[in-house]
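Each chain, written out:
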Amino acid sequence: MTANSQWNGQFSCFDLVAKTSDCSPTVLHIGELAIGDGSFVVMAGPCAVESEWQILQTAEAVAAAGARVLRGGAYKPRSSPYSFQGLGLEGLKLLSKARQQTGLAIITEVMSEEDVGLIAEYADIMQVGTRSMENYSLLEALGRCGRPVLLKRGMTARLDELLRSAQVIAANGNPDIILCERGIRTFETATRNTLDIAAVPVLKTVSRLPVIVDPSHAAGVRSLVPVLARAAAVVGADGVLVEVHPAPEKAMSDGVQSLSFDEFGAMMRDLRRYVSIPLAAEDFAHQLFVPGGVH
Ligand code: PEP
Ligand code: MN
């Protein structure tokens, strides 16, 4: 059982995350949410948390459309030191408020080993960005953080290298890892990155971990995001991570690839033709009236 015959004998480098006959696929549980159980999980929100209004509006809108996880960077890796770097702790507090108001789980990026403890207090899922996939001291700290980790593929990394990074997290004590294909750098310039759609079935074949696709950073333009999300659903991904903003043209980062609320709603309707996505907002409204439900 392998996708690449040259990987035979190399499994010891990522045996803790490999699929074997005696281990079942990993299902992560975050409150009532399961990731990797065959359902399709949509994680959505702005590239960066910019203001209370922006993140709360977005949280309400994506929850109503069926997203289960709110994304939003508080600590941003930017190509230029002069670009918006994120709101830091203030951004984490706003994400926490959005979780309280909507019941959405929170995913946010951690860039540095020193921030792991603080971010783990606020986030439900710790996101490792493409630029950090090989930051081993960060990965080691995430192995001890007590939270699930979404590990993005390095933009120039092979899949075995992605799995080796996952192994570093697992070897340090954390088996709750989600792999994320977000496009790789190739000679093609028509898209921001080249979405390696084959990565999904390859990773699902060789690894026990859930696989999520980020069509936003692959596409680089919003018009391509829904069709790439559809490709992810059809090819067997466990979900998508998508950028959504109340006013994409005014976004402080990645506005060109961010969907408006209406575009996100249309994408969700399209995805429901291929995978089942429960109406999370209704579930949550229901839970509010259940004693012992979400508070
Ligand atoms: C992001 O998710 O906003 C981000 C910076 O992604 P990546 O690390 O894939 O570039
Ligand atoms: Mn972004």
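Above this text sits the structure in question.
Digging into the coordination of the manganese ion (ligand 2)
- Surrounding the manganese ion (ligand 2) are the protein donor atoms Cys 47 (SG), His 217 (NE2), Glu 243 (OE) and Asp 254 (OD), at 2.0 to 2.4 Å.
- Donor residues for the manganese ion (ligand 2), ordered by position in the chain, follow C-x169-H-x25-E-x10-D. You can see Cys 47 sitting in the loop between strand 3 (41-45) and helix 1 (52-65) and its partner Glu 243 sitting in strand 10 (residues 239-243), a full 196 residues away along the chain. Pair check on accessibility: Cys 47 and Glu 243 agree, each one buried.

As for the site of ligand 1
- Surrounding ligand 1, one finds Cys 47, Arg 71, Lys 76, Glu 109, Gln 127, Gly 129, Thr 130, Arg 131, Lys 152, Arg 182, His 217 and Glu 243.
- Within the side chain of Gln 127, one N or O atom sits 3.0 Å away from an oxygen atom of ligand 1.
- Side-chain polar atom of Glu 243 to an oxygen atom of ligand 1: 3.3 Å apart, as the coordinates give it.
- When isolated, ligand 1 has an accessible area of 300 Å², and the protein chains bury 97% of it.
- In this structure the site holding ligand 1 corresponds to the second largest pocket.
- Considered class by class, the residues forming the shell around ligand 1 number one nonpolar, four polar and seven charged.

With respect to the side chain of Ser 216
- As for its position among the elements, Ser 216 is in helix 7 (residues 215-219).
- Every residue in contact with Ser 216, bar those within four places of it in the chain, is listed here: Val 225, Leu 241, Val 242, Glu 243 and Gln 257.

Examining the pairing of strand 6 (residues 125-128)
- Of the two faces of strand 6, the one lined by Ile 125 and Gln 127 and the one lined by Met 126 and Val 128 are each fully buried.
- The pairing of strand 5 (residues 105-109) with strand 6 spans three bridges and is parallel. Paired with Thr 108 across the bridge in strand 6 is Met 126.
- Once you follow strand 5 into helix 3 (residues 116-122) and on to strand 6, the crossover reads as right-handed.
- The sheet contact formed by strand 6 and strand 7 (residues 149-152) spans three bridges and is parallel.

Some details on the side chain of Lys 152
- Within the fold, Lys 152 resides in strand 7.
- With relative accessibility at 4%, the residue Lys 152 sits in the buried group.
- With residues up to four places along the chain from it excluded, the contact list for Lys 152 reads Gln 127, Val 128, Gly 129, Thr 130, Met 133, Leu 162, Cys 180, Arg 182, Asp 214, His 217 and Leu 241.

Criteria and cut-off values
- Residues numbered from 1 in each chain as written.
- Chains lettered and ligands numbered in written order.
- Predicted model: local features only at pLDDT ≥ 70, side-chain atom pairs only at ≥ 80, totals over all residues.
- Heavy atoms only, no water.
- Donors = N, O, S within 2.8 Å, 3.2 Å for Na, K, Ca; no water.
- Helix = DSSP H or I, 4+ residues; strand = E, 2+ residues; numbered from the N terminus.
- Buried < 20%, exposed > 50% of the residue type's maximum accessible area, 1.4 Å probe, protein only.
- Near = heavy atom within 4 Å.
- Polar contact = N/O pair within 3.5 Å; in protein donor to acceptor, adjacent residues only side chain to side chain.
- Areas by Shrake-Rupley, 256 points an atom, 1.4 Å probe, with all protein chains shown as cover.
- 1 Å grid on protein atoms, 1.4 Å probe; cavity = no way out; pocket = protein on both sides within 12 Å on 5 of 7 lines; lining within 4 Å.
- Sits in = over half its atoms within 2 Å of the grid points.
- Nonpolar A, V, L, I, M, F, W, Y, C, P; charged D, E, K, R; others polar.
- Contact = heavy atoms within 4.5 Å.
- Pairing = 2+ DSSP bridges.
- Right-handed = clockwise from strand over helix to strand, strands pointing away.

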